[in-house]
Amino acid sequence: MESFLWIGLANVVDPINIVAIFAGTMIGMFVGAMPGLSATMAIALLLPLTYSLRPETGLAMLASLYIAAMYGGSIAAILLRTPGTPAAAATVMDGHPMARKGQAGKALGLSLTASLIGGVISSIVLLTVAPLLGRVVLNFGPVEIFAVAVLGITIIGTLSQGTAVLGLFSGALGLLLATVGMDLTTGTPRFTFGILDLFSGINFTVALIGLFSIPQAVRLIVEGNPKDEDRVSSLRDRMLPTLREFVNLLPNSLRSSAIGVFTGLIPGTGGDTASWFAYNEAKRFARNKSEFGTGTPAGVVAPEAANNAVVGGALIPTIALGIPGSSSTAVLLGGLMVHGILPGPSLMTDHGDVTYTLLWAVLLANVALFFVGLFFTRACVAVTKIPNRVVGPVIVVLSVIGAYAINNSMFDIGLMIAFGLLGLAFDTFRIPTPPLVIGLILGPILDTTLQQSLLIGRGDWMVFLSNPISATLLAIALLSALQATPLFGVLGRAMKRRPAGGQPAPGGTE
Amino acid sequence: MKTSMMALALSAALGTTAFTPAVAQDYPASDVTVMQGFKAGGGSDALAQLVQPFLAEELGVNFVNEYIPGATGAIAWTRLAKQTKADGGTISITNTPMLTTNYIMNPSITYNISELTPIANIVTDPGIAVVAADSPFNTFEDFVNAARANPATVTVGNSGVGGDDYFTSLQFERAAGVQLQKVPFQGDGPSWTAAMGGKIDASFTNVGVSFPQIEQGNLKALAVFAEERLPDLPDVPTARELGYDLVAGSSRGYSGPAGFPPEALQQMIDAMQRVVDNPEFQKAAAERAMNIDFISGDDYAAMLKKQEEQYTQIWDEIKDEVRNQ
């Protein structure tokens, strides 16, 4: 086992693998920056390119692509208010206001720094305790995952920002829409109206593209280029944070990284869940909570550190047990099998050299991303210099391509546009969109794990309280909900005191 | 650097997907579209990546994969049955039992196997019953006795309603006269993991996906649902040996639309036969833990027909019970 660690390191510094890592980073950043092109899709698209490469080279390329796509997602989120990946949706909340305040460079620099911290921490965790941590995952069955999802639902409270009723409405609508599709335990199609395309449920990536991109594109087209302050056209400020800023944000980065690693570890929850979790926690720990949503650095650092830390966490169950921790690692797992490697504990023994090469590649890709990002990001700002009325239609085109490419489905294009219209309506009536997204992501998890738990417990609801892990998680969820209650009041008053209309907050939370 | 890398990767990729005709044959199409009802990177794709490079060489045609995921394959198979020209230019990977259970269980899925031309089954992953390493069940009989003593109490995971393991559980209940507490998961991985972590008492899953864990001693295999004992698991009895008439698994092969040109069908079957006889192919399949189970033409059609009958009968008996859960 020890020797594999060093064989892996020796493999990874092979020039071909270094080239693969840098190429993967470049492509990943580009693909991730396009709205609607997720890290999962980036991996899926590039997978065929790696068939002919050696396993370690191909996997190193896929891993660096995944990591860079996570950062690429935040470029679009910060500059254009269109999260390139679902995981970057939380970055929109404070990243875009920062950019509007003329701190686009700082926001991107923070994102890059936080990604580096999150990525390096999670790779180190991955390298040292992967075989050990894989065991933890076994403790998470349906009962425990249900409790995690319930805890996740309490995030809706924080995302509602003074409009508790509208936030809960949005979250409930998300949960309701999540029930569309075949019931896992009975096979009965629900709310599908006989349409086969709805049998697998609403693909939340499709919904997300519509909800976030279409209203933004419409806004860009309608508004045109009225005032410079409304759009982000240049990186006037320096990207790298000062040492002092760095030190101030370090506790936040570390906490968010830890959240990312642990969230990634739980199968079925990926960067999207982790970034909202981290954002929520950063807000809870912050002294001035009302700064969140208006462009505070902490609101960028938290989701960015978390969504890169997820990579390492998600790879742990993938590698140790062959259970993908997120949809992207599921595709990565497909990559392993294409290269003739069966997942599971044998990855650490029979294929230890390839596995450890992959793990080192993850670490190296995070470092590569930092440097590539410093150069590429400047170039990327050129995108924002294009007039709004050009960018808007381009976003629509990319959204259509993105929605289609996920399942090669024309139906999904229509679905994306429908969600776009819903997003527009939400914007018009000032209903927050993020709770809807949380509902859509967590709905299917809640639904299936609840039914599985009740089957396991033979219909007895006490199954959730007699299990120590789930009982603890549910107690935390209860506390989280209670704690948020007075917060609504405080925030509500704070919102009302603002000048009429307030400033448009990102993510549809105005 | 970047462009040359891309060019290199691109040309390499083209090399694997677009094969130049090696032998001039008169297959009616020069490009054959292969519709897959599942996402790229899944089990169907693994079969496509394994078989099609060899098949392309045998037939002298290009194979182009088209991924149409959704409704457990039903979107792709509906298109195959209803909207595809039977000119030999389009075929689909057909996964059983989902190919038949889809429309048996859901009236809104309207295709059926009479609208298809089965070409050949290529691989089968046999079913297997596994429990956690520290499970009190040491033999299949322990498991059966516990299920018999406490009806609807022993929890058994499967890969999802409509999948092979779900119907294996139903068939086993009938064969053994017991009632299990069936817990559906989303795929085999979550099912055997739950068994490994002791979250459920047992999992009915497949050999290919759980073998590494069995080998490592993390899972105990109680019985395989195969005709004969498996060479890799010589100590694990078959359910048949133990007196339960149960042979089940998850199979993948190829089918075309109804009215497939007979000459093209024969060429396709012959080429597939040559592929599975090729030692290089056998080696590649073994490396990917794929168990070759070649059943072609009328035999494949008969296999599908038999499954359709069996599953229709089972589903008719239990559907009201399932719906009322």
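Residues numbered from 1 in each chain as written. Chains lettered and ligands numbered in written order. Predicted model: local features only at pLDDT ≥ 70, side-chain atom pairs only at ≥ 80, totals over all residues. Heavy atoms only, no water.

## Some points on the confidence of the model for chain A
All names here are of chain A. Of the residues in chain A, 73% reach a pLDDT of 70 or more, and the chain-wide mean stands at 76. Per-residue pLDDT, averaged within each element of chain A, yields its smallest value for helix H14 (residues 346–349) (56) and its largest for helix H18 (residues 410–428) (92). Across residues 226–230 the pLDDT falls below 50, and counting only partners more than four positions away or on other chains, this stretch makes four contacts in the model. (pLDDT = per-residue confidence, 0-100. Helix = DSSP H or I, 4+ residues; strand = E, 2+ residues; numbered from the N terminus. Contact = heavy atoms within 4.5 Å.)

## Considerations on the pairing of strand E4 (residues 116–132) of chain B
Residues and elements named next belong to chain B. Among the 17 residues of E4, 17 are classified as buried, and the element is accordingly described as predominantly covered. As defined by bridge partners, E4 adjoins strand E10 (residues 292–296) across three bridges and the pair is classed as antiparallel. Following the sheet pairing, Asn121 is matched in E10 by Ile295. Pairing geometry for E4 and strand E7 (residues 202–206), over four bridges, is antiparallel. If you follow Val130 over to E7, its bridge partner there is Ser203. Here six bridges tie E4 to strand E8 (residues 219–225), and the two strands are oriented antiparallel to one another. Bridge pairing links Val131 to Lys220 in E8. (Buried < 20%, exposed > 50% of the residue type's maximum accessible area, 1.4 Å probe, protein only. Pairing = 2+ DSSP bridges.)

## Considering unusual backbone geometry
For the bond running from B:Thr96 to B:Pro97, omega is 10 degrees, close enough to zero to count as cis. Mapped onto the fold, B:Pro97 is located in the loop between strand E3 (90–96) and helix H4 (98–105). The phi dihedral of A:Arg430 is positive, around 55 degrees, even though this residue is not glycine. Assessed through its relative accessible area of 41%, A:Arg430 is described here as partly exposed.

## Notes on helix H9 (residues 262–277) of chain B
For H9(B), which comprises 16 residues, the first-to-last C-alpha distance of 23 Å matches the rise-based estimate of 22 Å (1.5 Å per residue) to within 8%. Every buried residue belonging to H9(B) is among B:Ala264, B:Leu265, B:Gln267, B:Met268, B:Ile269, B:Ala271, B:Met272, B:Val275 and B:Val276, and all of these are buried. (Expected span 1.5 Å × (residues − 1).)

## Some points on the packing of aromatic side chains
Within this structure, the stated rule accounts for 23 aromatic pairs over all chains. An angle of 85 degrees between the planes, with centres 6.5 Å apart, marks the rings of A:Trp276 and A:Tyr279 as edge-to-face. With a gap of three residues between them, A:Trp276 and A:Tyr279 both fall in helix H11 (residues 271–285), about one helical turn apart. The class for A:Trp276 is buried, based on a relative accessible area of 2%. Each member of the aromatic cluster is reached from another via a ring pair, and the members are B:Phe137, B:Phe140, B:Phe143, B:Phe172, B:Phe204, B:Phe225 and B:Tyr244. Seen from the ring of A:Phe285, A:Arg255 lies directly overhead, with NZ or CZ sitting 4.3 Å from the centre. (Phe/Tyr/Trp six-rings, centres within 6.5 Å; stacked < 30°, edge-to-face > 60°. Lys NZ or Arg CZ within 6 Å of the ring centre and 35° of its normal.)

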